[in-house]
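Single-letter residue listing:
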Amino acid sequence: MSQKELVRAFVAYSSRDTHLAELINVGVSKANRKVGKRIQYEPWVFNDIAGNPLISPILEGIEASEYIVADITYLNLNVVYEVGFAIGRSKRCFLVRHEGTEGDQKVAREAGIFDTLGYDSYANDDALANSLSAYIDPTPLSIPTALDRLAPVYVVEPQTKSGIGTLMTSRLKKARYKYRSFNPAEDTRLSAPDAIRQVACSSGVLLSLLDGDAEANLIHDVRTLFVAGLAHGMGKPTLILSHSSSKVPLDVRDSVRTYVRQEDIVQHIGAFSLEITEYLQQGDPSPRRNLTKLQSLQIGDPTAENEMTTLGSYFLATDQFSKALRGEVNLVVGRKGAGKTALFIQMRDRIRRDKSNVVLDLKPEGYQLLKLKEDILAHLTQGASHHLVTAFWEYLILLEITYKLLEKDQSAHKFNHEIRDLYLDLERTYRTEGYSVEGDFSERLLALSQKIALEYGQRYGNADGTKLTTDDVTQLVYSHDIKSLRAQVNAYLEHKQDVWVLFDNLDKGWSTQGVDVVDAMVLRCLIDAGRKVERDMRKAGNSVHCLVFIRNDVYEHLMRQSADYGKEMRVTLDWTDPDMLRELLRLRLVSTLSEESGDLSFDQIWRQLCVSHYSLTGEETSSYIIDRSLMRPRNVIKIFAHSRGFAANLAHSKIEDADLEKGIKAYSQDLLIELDHELSDVFPAGRDLLYQFIDAPPQMSRHHLSELIESGGIDSSETEKVIDFFLYYGILGVKTAEDHVHYIFNVNYDLKLLRIRAARIPDGDVYVMNPAFRPALGIKESA
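Here is what the cut-offs are and how they apply
Residues numbered from 1 in each chain as written. Predicted model: local features only at pLDDT ≥ 70, side-chain atom pairs only at ≥ 80, totals over all residues. Heavy atoms only, no water. Helix = DSSP H or I, 4+ residues; strand = E, 2+ residues; numbered from the N terminus. Rg over C-alpha atoms; globule rule 2.2 N^0.38 Å. Buried < 20%, exposed > 50% of the residue type's maximum accessible area, 1.4 Å probe, protein only. Contact = heavy atoms within 4.5 Å. Pairing = 2+ DSSP bridges. Axes fitted to C-alpha atoms, helices over the stretch in contact; angles between N-to-C directions. Polar contact = N/O pair within 3.5 Å; in protein donor to acceptor, adjacent residues only side chain to side chain. Parallel < 35°, antiparallel > 145°, perpendicular 65-115°, else oblique. Left-handed = near helix turned anticlockwise from the far one by under 90°. Nonpolar A, V, L, I, M, F, W, Y, C, P; charged D, E, K, R; others polar. Salt bridge = Lys/Arg side-chain N within 4 Å of Asp/Glu carboxyl O. Core = buried A, V, L, I, M, F, W, Y, C linked by side-chain atoms within 4.5 Å. Expected span 1.5 Å × (residues − 1). Disulfide = S-S within 2.5 Å. Phe/Tyr/Trp six-rings, centres within 6.5 Å; stacked < 30°, edge-to-face > 60°. Lys NZ or Arg CZ within 6 Å of the ring centre and 35° of its normal.

K.L.:
Describe in detail the overall build of the protein chain, supporting the description with residues and values.
P.N.:
Across its full length, the protein chain carries 30 helices and 21 strands. Computed over the C-alpha atoms, the radius of gyration of the protein chain is 28 Å, within 12% of the 28 Å expected from 2.2 N^0.38 for a compact globule of 783 residues. Taken along the three principal axes of its C-alpha coordinates, the protein chain extends 85 × 65 × 60 Å. Across the 783 residues that make up the protein chain, the buried fraction comes to 57%. In the protein chain, of all internal contacts separated by at least 6 residues, the share reaching a separation of at least 24 is 77%.

As C-alpha cells, then:
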C-alpha cells in the first residue's frame, strides 16, 4: 500500500489523569503496530491548564484525518470542542471511554451528547488497541443542508437564566431574528443528533461560557463547546460570550467575545446580527443525495418553542384547543410535555390571522420577579401582598395592551384619520417619565419589578409586617395616570375586534409539590387581575380575553389554597388515548413525506419507517413507544427522534430493534435526570435518590420500597410523600390483585385511586417500576 493510501486518524484525550493518559498512549502505539501501514493513529494530549493556543495544528490534524478518535473519560473542554468540530467537518467520530475510571461520567450523563452518539468502553491498553485495530466505519453522520430562514438562530441557554441570559435573547428579538434554543428547563439533556440538526439549519449560533467550579456551569460549558465545534466546523456565524474575568478554553480563545457591562453584549450582538444577515443572503447548500427515508425525515421538535414556524402544518387540533379558541376558558392546565406551549402558539397564530385582533403573547419567568418577591413580598402582610401584586399585574397587562396597540399601528395611524389623534394621545400618555418602554416584554417586566422594589426600599426599608393602603399601592406601582390610560385604551379598542392576553411560562422552574406560597400567590393574583381587566373593558364594550397556561400540579396547589379556584373555567391537557398520540405522530410524519402519504393511515406509514414488532418482547413497536412515554406527546416525539437518529447514523432504511433499544435507553436517561432534578427540588436530601433503584427488581413491596427510599437519605417521616411523588409522576405504578398495572395516566390522573389500590395489598409486590425508567437504572424487563 502506498503512502498516499495510508489512513490517518487523530486521537484526542485529556492529560488530567496521567496514568490514564499513559495507558491511552500505549494503547494507540499497540494499535499502530497491529494495523501496520493501513492506519496511522496520531495521539494528541490536551492539558487542562492554560497554555499557548495550538488550534491551527489541531484543526489541520482533523482535516487530514479519515476519522477522529476521542477519549471522553474526562471531559476536557478542548476535546469536546474537537468532537463537535470534526462532526461539523463531516468526519466520523469514534468515542471511547475507560470503564474502570469514574472521571466525568456524571457530568457527561447530565450534559447528554455522548451517549446519544455512542461510545466504546475499554478496560486496558490491549482492549483499546483491539478497538482501534478493528474496522471503524469512516462514513460521517448525516447532516441536513436546508436552512431555517424563519427562525435562523440557535441558542444554547444556561440552566439558570439571569439578566444577561435575558439580554442575549431580547437583543435577538430586537434585531427581529426569531430563534430556536436548547433550554434545560424544557429538555434536561442535549441530544447530539438534535444539536447537529439545529446547527446545520442555522444561519447564526449564539452561545455563552459560564466558567467557575459549579457543576451546573461545567455541564453548560460542555454543551457550549460541543455546539461551538459543530458551528465552526460547518462554517456558521458564531458568537460566544464570556465575562472578561472567566477562563476560556484554548481552542475558542480567539473566537470568544468578552463583556463587562450590558452595553458590551448589546454591541457584540449588533455585530453578530450583521453576520447573520450576510449568511442568509446565500442560497441553501446542495442537498445530499442518496439519503434514506429516515435520514431525510424531519418530524419537528419536542420543544414547541423551537417549531413555532412549522407547528401549524402538523398541529393536532383537539377539543381542548377548540374550547380555548372560542374563549370558553381562562386557564389551560397540563403536565410538562403535554402540549400547553404548542396550544399557546397555535392560539396566538390563529387569532393573529384577523389583523383587527390584538394578541399579546407574554412569557414572564419567575426570576424576573425575584426583586419584587425578595425585597417587598417577604415583608408585607398577606392582605397587603395580594393587593400590591394584583395591582402590579393589572397595571402590567394594561401597559402591554398599550404597547401592542402602539406597535401594531405605528405606521397605520399616519394614514387613518379615525385613529390618528387617538394614537398620538395614547403615545403621549404611555411615554411617561419613570417608565422604561425599551426592550422586549421580559426586559420591561424586569425593569418594572426592580423599579417598584427600589421605590419600596426607599419608602419602607425592610420592616416586617408592613401594611399598605390603596394610596400607598397607587404611589408604589403606577408611573402613569391609570384612569386616564385605561380610558384612552378603551377608546382606542373601539376600532379593534378582540383582545387576547396569553400568559405562559410563569411557573417554569417551580418544583412539583414544592410550589412556594408566595409564587402561588403571585399566580393567583395574575388570574384575579386578568379577570378584573376583562370585566372593566367589557363594561366599556370591548371584548378582552385573558388566558393563563399553567402546570396541573400548580393548579391543584391553587385549589388547595382557595376553594374558589375550582370554579375557574379551564381545559386540561391530559392524554389517555394511545390512538390520539399515534395521530399526533402521524401528522408530523406525513408533513415531510410525499404528498400521497397524507391519505395513509398510521399503520401504513409506520410500516415504512419502523419494524412492526420489537423482537425481544413481541410488542407492536408504536405501542412499545407509547407505553414508555408517560402518555405525553413530547416524550413520544423524543423516543422516535432518538431512535430515528441512531438508525439514520447507520443508514438503516427502517428503525430496527437495536435502534429502538438505543433510543429508549437515551430517552430513559433523559427522564431519569429530569425527574431526579424535580425530586431534589422538593426533597433536597433526596438528590440522586432515584439512583438507589439501580438493579432493583421491577416489582417491589411497600417495605422494600421504603427501604430503598430511606437508604437514599430520606427521613422515614417523608417516605409517604416520596411515594406520592413517584406515583404522581408515573415513575411507579400499582399492581392490582388481578395483575393489572395502573399508572397515574390510567386512572385519569387521580392519585387517590392509586393510593387506595396500593393499600389493599399491603404485603405483596404491589409497586411496579415504569418500563420507561428501567433501561437507565439497569432494571430487567421481567422479574
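Structure shown, so let's carry the discussion forward.
K.L.:
Describe the sheet that holds strand β9 (residues 238–243), listing the residues and the values that go with them.
P.N.:
What holds strands together in a sheet is hydrogen bonding between their backbones, with the strands either parallel or antiparallel. The five strands lie next to each other as β7-β6-β8-β9-β10, forming an open sheet whose pairing is parallel. Each end of this open sheet is capped by a strand with a single partner; those strands are β7 (179–182) and β10 (256–259). On average, adjacent strands in this sheet sit at an angle of 25 degrees to one another, irrespective of strand direction. Note that strand β6 (residues 153–156) and β7 share four bridges and pair parallel. Residue pairing across strands places Y154 opposite R180, the latter belonging to β7. Contacts from helix α9 (residues 215–234) reach β6, β7, β8 (204–208) and β9 within the one sheet, and its direction differs from that of β8 by about 155 degrees.

K.L.:
Tell me what's going on with the sheet that holds strand β21 (residues 767–769), and back it up with residues and numbers.
P.N.:
Pairing is antiparallel in the open sheet, where four strands are placed in the order β18-β21-β19-β20. Bordering the open sheet on either side are β18 (699–700) and β20 (741–742), each of which pairs with just one other strand. Across two bridges, the pairing between β18 and β21 is antiparallel. Of the residues in β21, the one forming a bridge with Q699 is V768. Sheet strands in contact with helix α28 (residues 719–728) are β19 (732–735) and β21, and its direction is about 90 degrees off that of β19. In this fold helix α29 (residues 751–759) packs onto β19, β20 and β21, with an angle of close to 50 degrees to the strand it touches most, β19.

K.L.:
So what about the side chain of H480? Which residues, and what values?
P.N.:
In this structure, H480 sits in the loop between α18 (470–477) and α19 (482–493). The class for H480 is buried, based on a relative accessible area of 8%. Here Y395 takes part through its side chain, which lies 2.5 Å from a polar atom of the side chain of H480.

K.L.:
Can you tell me about the packing of helix α15 (residues 382–408) against helix α17 (residues 441–460), naming the residues and giving the values?
P.N.:
Remark: α15 packs on α17, axes separated minimally by 12 Å, with the N-to-C direction vectors making an angle of 140 degrees. By the angle between their directions, the pair α15 and α17 is classed as oblique. You can see that α15 and α17 cross each other, and the crossing is right-handed. Between α15 and α17, the residues in contact are F392, Y395, L396, E400 and Y403 and F441, R444, L445, L448, S449 and I452, respectively. Looking at the contact of α15 with α17 residue by residue, the classes come out as eight nonpolar, one polar and two charged.

K.L.:
Any chance you could break down the pattern of salt bridges for me, citing the residues and the numbers?
P.N.:
A full pass over the atoms with the stated rule returns 39 salt bridges. With its nearest N and O atoms 3.3 Å apart, the salt bridge here joins R352 to D361. When its relative accessible area of 34% is taken as the criterion, R352 is described as partly exposed. By relative accessible area, which is 25% here, D361 ends up partly exposed. In this structure, the salt-bridge partner of R428 is D425, at a minimum N-O distance of 2.3 Å. Of the two residues, R428 and D425 both sit in helix α16 (residues 417–430), three residues apart, roughly one turn of that helix. Sharing partners across several salt bridges, the network here consists of R348, D349, R352 and D361.

K.L.:
Provide a residue-level description of the nonpolar core, including the pertinent values.
P.N.:
With 98 residues, the main nonpolar core has M347, L589, F693, F726 and Y767 as its most contacted residues. If you tally residues by element for this core, the top one is helix α26 (residues 657–682), at nine residues. Excluding its chain neighbours within four sequence positions, the residues that come into contact with L589 are L297, I299, I605, W606, L609 and F640. Counting residues in hydrophobic clusters, the runner-up holds 64 residues, among them I452, V499, L523 and V548.

K.L.:
Can you break down helix α20 (residues 517–539) residue by residue, with the values?
P.N.:
Relative to the 33 Å expected for 23 residues at 1.5 Å per residue, α20 spans 33 Å between its end C-alpha atoms, a close match to the ideal helical length. Just downstream of α20, G541 is the residue with a positive phi angle, here 90 degrees.

K.L.:
Can you lay out the pairing of strand β15 (residues 570–573) for me, pointing to particular residues and giving the numbers?
P.N.:
Going residue by residue along β15, you find V571 and L573 tucked away on one face and R570 and T572 left uncovered on the opposite face. Relative to β15, strand β11 (residues 331–334) runs parallel, the two being bridged by four bridges. Each bridged residue has a counterpart across the sheet, and for V332 the counterpart in β15 is V571.

K.L.:
Outline the state of the cysteines, listing residues and values.
P.N.:
Among covalent bonds in proteins, the disulfide is the one between the sulfur atoms of two cysteines. Under the criterion given, the structure shown has zero disulfides. We note that C546 lacks a disulfide partner, and the nearest cysteine sulfur, in C525, lies 14 Å from it. For C546, a relative accessible area of 7% puts it in the buried group.

K.L.:
Outline the packing of aromatic side chains, supporting the account with residue identities and numerical values.
P.N.:
Any pair of aromatic rings gets described here by the distance separating the centres and the angle formed by the planes. One pass over the structure, following the stated rule, counts 17 aromatic pairs. Taken together, a centroid distance of 5.0 Å and an interplanar angle of 75 degrees make the contact between Y395 and Y478 edge-to-face. Here Y395 is found in helix α15, whereas its partner Y478 is found in the loop between α18 and α19, with 83 residues between them in sequence. Ring centres of Y728 and Y729 lie 6.1 Å apart, and the angle between their planes is 85 degrees; on these two criteria the pair is classed as edge-to-face. Relative accessible area serves as the criterion here: at 6%, Y729 is assigned to the buried category. Members of the aromatic cluster, each reached through a chain of ring pairs, are F693, F725, F726, Y728 and Y729. Over the aromatic face of Y728 sits the side chain of R335, whose NZ or CZ is 4.0 Å from the ring centroid. Its guanidinium or amino end placed over the ring of Y403, R444 lies 3.7 Å from that ring's centre, counting from NZ or CZ.

K.L.:
So what about the packing of helix α3 (residues 77–88) against α9? Which residues, and what values?
P.N.:
It is at 6 Å that the axes of α3 and α9 come closest, and there the two elements cross at 35 degrees. Relative to α9, the crossing made by α3 is right-handed. Counted together, L77, V80, Y81, V83, G84, F85, I87 and G88 of α3 and L218, D221, V222, L225, F226, A228, G229, L230, H232, G233 and M234 of α9 form the full contact between these two elements. Its residues assigned to classes, the contact of α3 with α9 comprises 13 nonpolar, five polar and one charged.

K.L.:
Account for the side chain of N649, with residues named and values stated.
P.N.:
In this structure, N649 sits in helix α25 (residues 633–649). Judged by relative accessible area, which is 17%, N649 ranks as buried. Not counting residues up to four positions away in its chain, the partners in contact with N649 are R92 and L141.

K.L.:
So, the pairing of strand β12 (residues 358–362): which residues are in play, and what are the values?
P.N.:
Residues in a regular strand project their side chains so that they alternate between the two faces of the sheet. Of all five residues making up β12, four are buried, and the element is well covered by its neighbours. With five bridges joining them, β12 and strand β13 (residues 498–503) adopt parallel strand pairing. Pairing of L362 across the sheet is with F503, part of β13.

K.L.:
Describe unusual backbone geometry, naming the residues involved and giving the relevant values.
P.N.:
The backbone of S90 shows a phi angle near 60 degrees, a positive value even though the residue is not glycine. Within the secondary structure, S90 sits in the loop between α3 and β4 (92–98). Positive phi, normally seen in glycine, also occurs at N748, with a value near 55 degrees. The class of N748 is exposed, set by a relative accessible area of 60%.

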